[in-house]
Amino acid sequence: KLYVQPIIHVDTGHIAGFEALIRWFHSERGFVSPGDFIPVAEETDLIVPIGRWVMQEACRLLKMLQDAANQVQPEADDLFMSINVSGRQFSEPGFIEEAAEIMENAGINPARVKLEITETFLLSYGASRQWIERCREMGTSVALDDFGTGYSSLSYLLYFPIDVLKIDRTFVQQMAESERGAAIVRSIVTMAHNLDMSVVAEGIEEASQLDSLGDMACDFGQGYYMSRPLPADDALALLGKPLPVTPPA
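Residues numbered from 1 in each chain as written. Predicted model: local features only at pLDDT ≥ 70, side-chain atom pairs only at ≥ 80, totals over all residues. Heavy atoms only, no water.

Tell me about the sheet that holds strand β1 (residues 2-9), residues and numbers included.
One closed barrel holds the 8 strands; their spatial order is β1-β2-β5-β6-β7-β8-β9-β10, and the pairing between them is mixed. Relative to strand β5 (residues 80-84), helix α2 (residues 47-72) is tilted by about 170°, and along the sheet it contacts β1, β2 (15-22), β5 and β6 (113-117). (Pairing = 2+ DSSP bridges. Helix = DSSP H or I, 4+ residues; strand = E, 2+ residues; numbered from the N terminus. Contact = heavy atoms within 4.5 Å. Axes fitted to C-alpha atoms, helices over the stretch in contact; angles between N-to-C directions.)

Here it is, written out as structure tokens:
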């Protein structure tokens, strides 16, 4: 099943978009963690058809959410959908053309889709840069997920035209624990803005974290404090409301 987790404007709490997240509910085993089945899917190449299905469902759902949002709040900005791309999909011939066709068939603007990649994508400079540039040519932005957890993050920002940085939850959770943790997050936000990138802070679990990110002028936030990943119907019910509607217990 495709679930989505809201991504909010940090300054207002209103939903800016969603991240598409796959969930598996097995008839006998119950909930199977993505950490268990995604690595197997990548090893067996099943990640390619799974990724295609996620792209189709995410784009279809974005159209549904956008239409509903326009009814609730006609003057609101367009929503976006962040979609994770695996390394196997990255190397699949025709991926970008297929993605463009899926977006067109769903009736959504490619500019409202953000393709999330990790630093391992960027190890091959030539192929990676070409892939990112082709995504941007069709209007789709590229987000660098889990920023700060690799070894060469700054060099990637120098050579690759990344649009969005997603600050790893590790740094967000350490903000209240040490001045160094808060300084790192503040520095990432400032650097990203100076490079004309937007920033998403992941793993927000407390009101104090959201408040601190607001003071730092972070653009977007995502985490359990606002909302856990949700099925489509529950996500529809949140449109037009600032998050969290009621803070988690």
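Having seen the model, we can carry on.
Give me the packing of aromatic side chains: which residues, what numbers.
In the structure shown here, the tally under the stated rule is 11 aromatic pairs. Pairing Tyr125 with Tyr159 gives two aromatic rings, centres 5.9 Å apart and planes at 85°, and the pair type is edge-to-face. Here Tyr125, found in helix α5 (residues 125-137), pairs with Tyr159, found in helix α6 (residues 153-159); they are 34 residues apart in sequence, far enough to count as distant. Taking relative accessible area as the criterion, Tyr125 reaches 43% and is therefore assigned partly exposed. Members of the aromatic cluster, connected to one another through ring pairs, are Phe90, Phe95, Phe121 and Trp131. (Phe/Tyr/Trp six-rings, centres within 6.5 Å; stacked < 30°, edge-to-face > 60°. Buried < 20%, exposed > 50% of the residue type's maximum accessible area, 1.4 Å probe, protein only.)

Break down the layout of surface pockets for me, citing the residues and quoting the values.
Take a probe with the size of a water molecule and roll it over the atoms, and the empty space left behind shows itself. Quantified by volume, the largest pocket comes out at close to 850 Å³. If you trace the largest pocket, you find 36 residues lining it, with Glu19, Ala20, Leu21, Asn84 and Asp145 closest to the centre. Contributions of two or more residues to the lining of the largest pocket are made by β2, α1 (34-43), α2, β5, α3 (87-90), β6 and β7 (141-147). (1 Å grid on protein atoms, 1.4 Å probe; cavity = no way out; pocket = protein on both sides within 12 Å on 5 of 7 lines; lining within 4 Å. Points joined across faces, edges and corners; volume = space filled by probe spheres on them.)

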